[in-house]
Amino acid sequence: QAMAPLHPVAVQCQEAQVVVTVHRDLFGTGRLVRAADLSLGSASCLPVSQNPAESTVTFVAGLHECGSTLQLTPDSLIYRTSLSYKPTPSGNLVIVRTNPVVVPIECHYPRKSNVSSNAVRPTWAPFRSTLSAEERLMFSLRLMDDDWSAERLSNGFQLGESLHLQADVASEGHVPLRLFVDDCVATLSPDRNSSPRYAFIDLSGCLVDGRADDTTSAFISPRPRQETLQFVVDAFKFAADDRNLIYITCHLKVSAADQAPNPWNKACSFNKASSLWAPVEGTGDICSCCETGSCP
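Because the structure is predicted, anything quoted here is derived from the model rather than measured. (Residues numbered from 1 in each chain as written. Predicted model: local features only at pLDDT ≥ 70, side-chain atom pairs only at ≥ 80, totals over all residues. Heavy atoms only, no water.)

Draft legend 1. Examining the nonpolar core more closely. In this structure, V181, I201, F219 and F231 are the most contacted members of the largest nonpolar core, which totals 26 residues. Residue assignment for this core shows that the elements contributing at least two residues are β10 (162-170), β11 (177-187), β12 (197-201), β14 (228-234) and β15 (247-256). If you tally residues by element for this core, the top one is β11, at five residues. Not counting the four nearest positions on each side in its chain, I201 is found in contact with V181, D182, D183, C184, C206, L207, V208, F219 and F231. (Core = buried A, V, L, I, M, F, W, Y, C linked by side-chain atoms within 4.5 Å. Buried < 20%, exposed > 50% of the residue type's maximum accessible area, 1.4 Å probe, protein only. Helix = DSSP H or I, 4+ residues; strand = E, 2+ residues; numbered from the N terminus. Contact = heavy atoms within 4.5 Å.)

Next comes the structure, spelled out in structure tokens:
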């Protein structure tokens, strides 16, 4: 309603909030009420602004704020609140010259159509839909220098040395992702199912090679970033086989970064000092299946 002494309260029902503008000539007598005597809702919210030139005060509140109530009808959402005027004596007076007033306020919204004319656009494209559209994520597995600063130029090792392996995923355009190494298998041919084979990461993220005697194999904690996982494996060769070229095949996967690690998504190393399995992140119980061998 237009602001005038005959219509001293104006209400705007916006998409997520209600704006109430009150003319201080509340009774149309020319006497202006005090802004401090006005409040909104059962929570007695105070005005957010005043306009002395127009003698108005303005309240702004979310639809669920200031003690508003919601009623559902078959066709509408109805938010109800009220404007209250409670006169208090001014100065040293013990009298007031106006009556208290309560002005009911309602905002009605249709239940079966959009409140806004604009389409809702999520900040991130949903991971599954993006994945199906792009077919794949860009995974990589690289041999790194001992200080992790660059990719190792040589893939030759002596027994007694350690392999520094770094797994990455490029996650641009997706929800934030956390990378895991599900399993890693060493074979003498490119076929990961060939024999002999040695799984040094197994059971959905258990670095089982670190459980063996005289090894220091472990995941590096903390990670440099959520999309990267680093781990160190002591060099080895297959017994009773003179071939010195070994193929390593790893299964990499991701979960949403805001999803807590669990027995399905974990990176667990064996700590020989404590004789316990410990995760790179998450609670220790997610690694208990590394010892029992019954991981899901």
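Draft legend 2. Spatial organisation of the pattern of salt bridges. Tallying each qualifying case throughout the model produces nine salt bridges. Across the pair R225 and D168 runs a salt bridge, and its minimum N-O distance is 3.9 Å. Taken as a pair, R225 in the loop between β13 (218-219) and β14 and D168 in strand β10 lie far apart in primary sequence, 57 residues in all. One salt bridge connects R223 with E281, and the closest N-O pair in it is separated by 2.9 Å. Pair noted here: R223 is in the loop between β13 and β14 and E281 is in the loop between β17 (276-279) and α2 (288-292), with a separation of 58 residues, a long-range link. Ionic contacts of the salt-bridge type, sharing partners, join the residues R142, D168 and R225 into one network. (Salt bridge = Lys/Arg side-chain N within 4 Å of Asp/Glu carboxyl O.)

Draft legend 3. Summary view of the layout of surface pockets. Of the volumes computed, that of the largest pocket is approximately 540 Å³. If you trace the largest pocket, you find 18 residues lining it, with N155, F157, L163, N244 and I246 closest to the centre. Mapped onto the lining of the largest pocket, the elements with two or more residues apiece are β9 (138-143), β10 and β15. Of all the elements, β9 adds the most residues to the lining of the largest pocket, at three residues. In terms of residue class, the lining of the largest pocket is made up of twelve nonpolar, four polar and two charged. (1 Å grid on protein atoms, 1.4 Å probe; cavity = no way out; pocket = protein on both sides within 12 Å on 5 of 7 lines; lining within 4 Å. Points joined across faces, edges and corners; volume = space filled by probe spheres on them. Nonpolar A, V, L, I, M, F, W, Y, C, P; charged D, E, K, R; others polar.)

Draft legend 4. Structural view of the packing of aromatic side chains. The final tally for this structure, using the stated rule, is six aromatic pairs. Geometrically, the ring pair formed by Y79 and Y109 is edge-to-face, given 5.9 Å between the ring centres and 80° between the ring planes. With a gap of 30 residues between them, Y79 in strand β7 (residues 76-85) and Y109 in strand β8 (residues 101-110) connect regions that are remote in the sequence. As far as the burial class goes, Y79 and Y109 line up, both buried. Seen from the ring of F157, R152 lies directly overhead, with NZ or CZ sitting 3.9 Å from the centre. (Phe/Tyr/Trp six-rings, centres within 6.5 Å; stacked < 30°, edge-to-face > 60°. Lys NZ or Arg CZ within 6 Å of the ring centre and 35° of its normal.)

Draft legend 5. Geometry of the sheet that holds β15. Read from one edge to the other, the open sheet built from three strands follows the order β12-β11-β15, with strand pairing classed as antiparallel. Edge positions in the sheet fall to β12 and β15, since each has one partner strand and no second. Averaged over all pairs of adjacent strands, the angle between strand axes in this sheet comes to 20°, irrespective of strand direction. The pairing of β11 with β12 spans four bridges and is classified as antiparallel. (Pairing = 2+ DSSP bridges. Axes fitted to C-alpha atoms, helices over the stretch in contact; angles between N-to-C directions.)

Draft legend 6. Spatial organisation of the sheet that holds strand β4 (residues 49-51). As summarised here, the arrangement of the four strands in space is β1-β2-β5-β4, forming an open sheet in which the pairing is antiparallel. Looking along the sheet, the strands with just one partner apiece sit at the ends: β1 (9-13) and β4. Direction aside, the axes of adjacent strands within the sheet are offset by 20° on average. Inspection of the sheet shows β1 paired to strand β2 (residues 17-23) by five bridges, in the antiparallel sense. If you follow A10 over to β2, its bridge partner there is T21.

Draft legend 7. A look at empty space enclosed by the protein. Scanning all chains against the criterion turns up one cavity of 30 Å³ or more. The computed volume of the largest cavity comes to approximately 70 Å³. Forming the walls of the largest cavity are 13 residues, and the residues nearest its centre are V18, L63, S68, Y79 and T81. Of all the elements in the fold, those that place two or more residues in the lining of the largest cavity are β5 (56-62), β7 and β8. A total of three residues in the lining of the largest cavity trace back to one element, the largest contributor, which is β7. By residue class, the composition of the lining of the largest cavity is eight nonpolar, three polar and two charged.

Draft legend 8. Main features of a nonpolar patch on the surface. A contiguous nonpolar surface patch, about 310 Å² in accessible area, is contributed by L93, V94 and I95. Along the chain, I95 falls in the loop between β7 and β8. (Patch = residues over 30% accessible without salt bridge, like charges linked within 9 Å, V, L, I, M, F, W, Y side chains within 5 Å. Areas by Shrake-Rupley, 256 points an atom, 1.4 Å probe, with all protein chains shown as cover.)

Draft legend 9. Looking closely at unusual backbone geometry. At the junction of S195 and P196, the peptide bond is cis and its omega measures out at 5° in the coordinates. Even without glycine at this site, L203 takes up a positive phi of about 60°. Located in the positive-phi region is S275, a residue other than glycine, with phi close to 55°. Relative to the helices and strands, S275 resides in the loop between β16 (268-271) and β17. Exposure remark for S275: the relative accessible area of 48% places this residue in the partly exposed category.

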